[in-house]
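# Observations on the model geometry
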Amino acid sequence: MHYLSTRNASVRVSLSQAIARGIAPDGGLFVPESLPAFTPESFDGLTELPQIAKRLIAPFAAGDELSDELEAICEEAFNFPAPLVPLPKATSPVAALELFHGPTCAFKDFGARFLAACMSRIRRGAARKLTILVATSGDTGGAVAAAFHNKPWVDVAVLYPKGLVSERQAQQLACWGDNVKTFAVHGTFDDCQRMVKEAFLDASLRSSHELSSANSINVGRLLPQMVYYAKASLEHWRATKTHANFIIPTGNLGNAMACVWARRAGLPIGAVVLATNENRTIPDFLSTGQWEPRSSKATLASAMDVGNPSNMERMRALYPEFALLTANISAFSVDDAEIRATVRRDFDELGYVWCPHSATGAEVYRRLVAQGSAGPWVIVATAHPAKFNDIVEPIVGPVPVPPSLAELLSLPRIETELQPTLAALRTALDS
Ligand SMILES: *Cc1c(COP(=O)(O)O)cnc(C)c1O
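If you're wondering where the values come from, they're calculated on a predicted model, not measured in any experiment.

Of all six residues making up strand β10 (residues 244-249), six are buried, and the element is well covered by its neighbours. Burial of the side chains of β10 extends over both faces: Ala-244, Phe-246 and Ile-248 are buried on one face and Asn-245, Ile-247 and Pro-249 on the other. Note: β10 against strand β11 (residues 269-276), five bridges, orientation parallel. Residue pairing in the sheet places Ile-247 in a bridge with Val-273 of β11. Considered for its hand, the β-α-β crossover made up of β10, helix α10 (residues 254-264) and β11 is right-handed. Pairing of β10 with strand β13 (residues 377-381), which is carried by three bridges, proceeds in the parallel orientation. Within the sheet, the bridge partner assigned to Asn-245 lies in β13 and is Trp-377.

With respect to topology, six strands assemble into an open sheet ordered β4-β5-β13-β10-β11-β12, the strand pairing being mixed. Every other strand in the sheet has two partners, leaving β4 (84-86) and β12 (330-333) as the edge strands with one partner each. Neighbour-to-neighbour, the strand axes of the sheet open up by a mean angle of 25°, direction not taken into account. Against the sheet, helix α11 (residues 281-288) touches β11 and β12, its axis set at about 130° to β12.

The next thing to look at is the site of the ligand. Near the ligand you find 14 residues, and of these Lys-108, Asp-139, Gly-251, Asn-252 and Thr-382 are the closest. Contact between the ligand and Asp-139: an oxygen atom at 2.6 Å from a side-chain N or O atom of the residue. Interatomic distance of 2.8 Å between a backbone N/O atom of Gly-251 and an oxygen atom of the ligand. In isolation the ligand has 380 Å² of accessible area, and contact with the protein removes 96% of it. Partitioned by chemical class, the residues of the shell around the ligand number five nonpolar, seven polar and two charged.

By size, the foremost hydrophobic cluster in this structure holds 99 residues, and its most contacted members are Phe-148, Tyr-229 and Phe-246. Among the elements that line this core, the one with the most residues is helix α9 (residues 219-240), at ten residues. Met-304, Tyr-352, Trp-354 and Val-392 belong to the second-largest nonpolar core, a separate cluster that totals 34 residues.

In this approach a probe as big as a water molecule rolls over the atoms, and the regions it shows empty are the leftover space. The full count for this structure, using the stated rule, is one cavity of 30 Å³ or more. Considered as a void within the structure, the largest cavity measures approximately 30 Å³ in volume. Taken together, Thr-250, Gly-251, Thr-276, Asn-279, Thr-281, Ile-282, Met-304, Val-306 and Pro-309 form the lining of the largest cavity. In terms of residue class, the lining of the largest cavity is built from four nonpolar, five polar and no charged.

Right, let's talk about the pattern of salt bridges for a bit. Taken as a whole and judged by the stated rule, the model has 25 salt bridges. Between Glu-33 and Arg-12 there is a salt bridge, with its nearest N and O atoms 3.2 Å apart. Note that Glu-33 is positioned in the loop between β3 (30-32) and α2 (49-61) and Arg-12 in strand β2 (residues 8-13), a separation of 21 residues in sequence. Judged by its relative accessible area of 35%, Glu-33 falls in the partly exposed class. Where Arg-121 meets Glu-76, a salt bridge forms, and the shortest distance between an N and an O atom there is 2.6 Å. Of this pair, Arg-121 sits in helix α4 (residues 108-122) while Glu-76 sits in helix α3 (residues 70-77), and the two are 45 residues apart along the sequence.

Here we come to the layout of surface pockets. Quantified by volume, the second largest pocket comes out at close to 190 Å³. Forming the walls of the second largest pocket are Thr-6, Val-31, Pro-32, Glu-33, Ser-34, Leu-35, Trp-261, Arg-264, Arg-314, Ala-317 and Leu-318. For the lining of the second largest pocket, the secondary-structure elements that each account for two or more residues are β3, α10 and α12 (312-318). Among the elements that take part in the lining of the second largest pocket, α12 stands out by supplying three residues, more than any other.

Reading the values: the criteria
Residues numbered from 1 in each chain as written. Predicted model: local features only at pLDDT ≥ 70, side-chain atom pairs only at ≥ 80, totals over all residues. Heavy atoms only, no water. Buried < 20%, exposed > 50% of the residue type's maximum accessible area, 1.4 Å probe, protein only. Helix = DSSP H or I, 4+ residues; strand = E, 2+ residues; numbered from the N terminus. Pairing = 2+ DSSP bridges. Right-handed = clockwise from strand over helix to strand, strands pointing away. Axes fitted to C-alpha atoms, helices over the stretch in contact; angles between N-to-C directions. Contact = heavy atoms within 4.5 Å. Near = heavy atom within 4 Å. Polar contact = N/O pair within 3.5 Å; in protein donor to acceptor, adjacent residues only side chain to side chain. Areas by Shrake-Rupley, 256 points an atom, 1.4 Å probe, with all protein chains shown as cover. Nonpolar A, V, L, I, M, F, W, Y, C, P; charged D, E, K, R; others polar. Core = buried A, V, L, I, M, F, W, Y, C linked by side-chain atoms within 4.5 Å. 1 Å grid on protein atoms, 1.4 Å probe; cavity = no way out; pocket = protein on both sides within 12 Å on 5 of 7 lines; lining within 4 Å. Points joined across faces, edges and corners; volume = space filled by probe spheres on them. Salt bridge = Lys/Arg side-chain N within 4 Å of Asp/Glu carboxyl O.

These figures come from the coordinates and say nothing about function on their own.
And the structure:
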């Protein structure tokens, strides 16, 4: 299997190269040259995430040096569950796909852990230590730090905007130490991203460090995200012989892209519906045909505050004609008042507590049912509500903290404050 750039199909690399490079040399995103043709029966006898992962990802790694070690990679990456939890009090069949049982309680743990497992093999025997730079608006930095913490072949530098993430997110970014350096930047997320981009272009830093990134456009983060859609849809298929329809809280479109790839690879997945917050770039595009990226707007579902979702480039590579695209995905925008109302109502009516991101999906489910859709629907729960206690608890009261989060919350915070300049970052990395 080769990976091609979305901008130029003559750029062809192996899976290891696509993971190591992150972004294609022409600025495009790597996509698999073809998708495998599975049937639900291809997975007969397989019920656990690591087993399904190995079968599903094998064709994507065919011919690559990683393929011999895929089993071990999948066991390392998929070491926590992704349960499909029915919501029996709902009026129309629906379940929550809980993706928040990993070390930092958000779905990004799946991608970060798989990426770390692949990179540790790709880097084996490398002469220099790798330095991974991550700019984060909240969830990515914690997942990457957790996945790469204490690995002897790599250092991690996490940059986050001081004061602009939730208190518990800040704790998850700064509780690591050892090979993880956490920088609380006096600036915005855009400043953090700019500093990382400048670092990659800086000759002095590039000679003192071998730099890499772990951002969400890396194909090594998308492939593992197909796996929980495969497992959930297979469970549903085996029980009912019908397709599961997914509602996916969406920001940069990485999670939903993986679902669409899984469907195209033959998994029994029906509709894929995107729920965005007030950052409406995707729903507006699907209704007008005009792609109009804009600057992001701050909402309660902050991990989805994306005005220019980069994975749309991959979606359009898969569905080049607009009519094909709109036949295969749809999208709805949900505002902050609706997020709050949904958290309240589903706590009262369903006895279930959503995080603010997942609540966008729950609101879209209500709209689909009101339009007469019979489902059955699966709402993707992207983070644990306890991670966003500052928003959720005033609405529903105390939310129990899962043990993995409690452990991180008990650790001391180790971070360095940083001015928002490349010079400051250079000094901090060299020290
Ligand atoms: C990152 C994130 C999202 C958005 O996922 P994309 O892949 O960027 O669309 C949604 N919810 C949570 C909790 C996240 O951390």
